[in-house]
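Per-entry structural report
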Amino acid sequence: MTRSGVVMAAMAGLMMSGQAALALDQVRTTYLEKCGGCHGIEGLSGQTYIPTLRDRIGTLSCTPEGRAYLLTVPGVSMSLIRDDALMAQVMNFVLFDLGGHSTPAGTRPFTAEEVHTQRGHPLSTTDLPAVRAQVWARATACAAGHR
C-alpha cells in the first residue's frame, strides 16, 4: 500500500465512529499526505523531535522572524509540495485551523508570493532545535505581550 493509501486508510478508520464520513478537500488531503506522517493527522506529533502544531504553531506568527521561520524550515522549504499557491493554502490550514487560539487575531494569511520568496532562502543550520528554541522564545514573549 502506498503512503497516501495508508494515510487515507487511517483517516477512514478515524471517521468510522458512527458519524457521516467527512470529505477532505485538496488542502487537508495534501497536509495528511505530506505533513501528517510527522506532525500527526490532527497536528499532534506527541513527545518527539517533531513539534506539535495543534494550538501552538500560531504563536510563531507573532513576529516577522517566526513567520519567516515557518516557511524556511526544511519540511516546508524542501517540501514535495512545489506549487507555491497550494503550499500557501496548506500553511494557512496549519496556521489558522491547527493553530487555533494560538494564532493572533489579525494575522495575515500566507500568499503564494510570500511562500515563493521565503522558500528561496531556506533555513541553514546544523542545530535546528537550538534555532527553533530561540525563534520560539522571541515569539512567545511577543504573544505574551499581546494578551
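A brief structural summary. What you see is a predicted model; the values in this text were computed from it and never measured.

1. Brief notes about the state of the cysteines
Counted under the stated rule, the structure contains 1 disulfide. Put simply, Cys62 and Cys142 are joined by a disulfide, and their sulfur atoms are 2.1 Å apart. Between Cys62 and Cys142 the disulfide shows an S-S torsion of about -70°. By sign, it is left-handed. With Cys62 in the loop between α3 (36–39) and α4 (64–72) and Cys142 in helix α8 (residues 128–145), this pair connects stretches of sequence that are 80 residues apart. Assessed through its relative accessible area of 16%, Cys62 is described here as buried. With no disulfide partner, Cys35 has as its closest neighbouring cysteine sulfur the one in Cys38, 8.7 Å distant. Owing to a relative accessible area of 18%, Cys35 belongs among the buried residues under this scheme.

2. Remarks on unusual backbone geometry
The phi dihedral of Asp55 is positive, around 55°, even though this residue is not glycine. Asp55 gets classed as partly exposed once you look at its relative accessible area, which sits at 33%.

3. What to know about the side chain of Asp84
Mapped onto the fold, Asp84 is located in helix α6 (residues 84–98). Looking at Asp84, its side chain comes within polar contact range of the side chain of His116, at 2.8 Å.

4. So, the nonpolar core
One finds Tyr31, Leu60, Leu70, Val90, Met91, Val94 and Phe110 to be the most contacted residues of the largest nonpolar core, which totals 27 residues. Those elements that provide at least two residues to this core are α2 (26–34), α4, α6 and α8. Ranked by the residues each element gives to this core, the list is headed by α6, at 9 residues. Residues contacting Phe110, with those up to four places away along its chain left out, are Arg67, Leu70, Leu71, Ala88, Met91, Asn92 and Leu95.

Criteria and cut-off values
Residues numbered from 1 in each chain as written. Predicted model: local features only at pLDDT ≥ 70, side-chain atom pairs only at ≥ 80, totals over all residues. Heavy atoms only, no water. Disulfide = S-S within 2.5 Å. Helix = DSSP H or I, 4+ residues; strand = E, 2+ residues; numbered from the N terminus. Buried < 20%, exposed > 50% of the residue type's maximum accessible area, 1.4 Å probe, protein only. Polar contact = N/O pair within 3.5 Å; in protein donor to acceptor, adjacent residues only side chain to side chain. Core = buried A, V, L, I, M, F, W, Y, C linked by side-chain atoms within 4.5 Å. Contact = heavy atoms within 4.5 Å.

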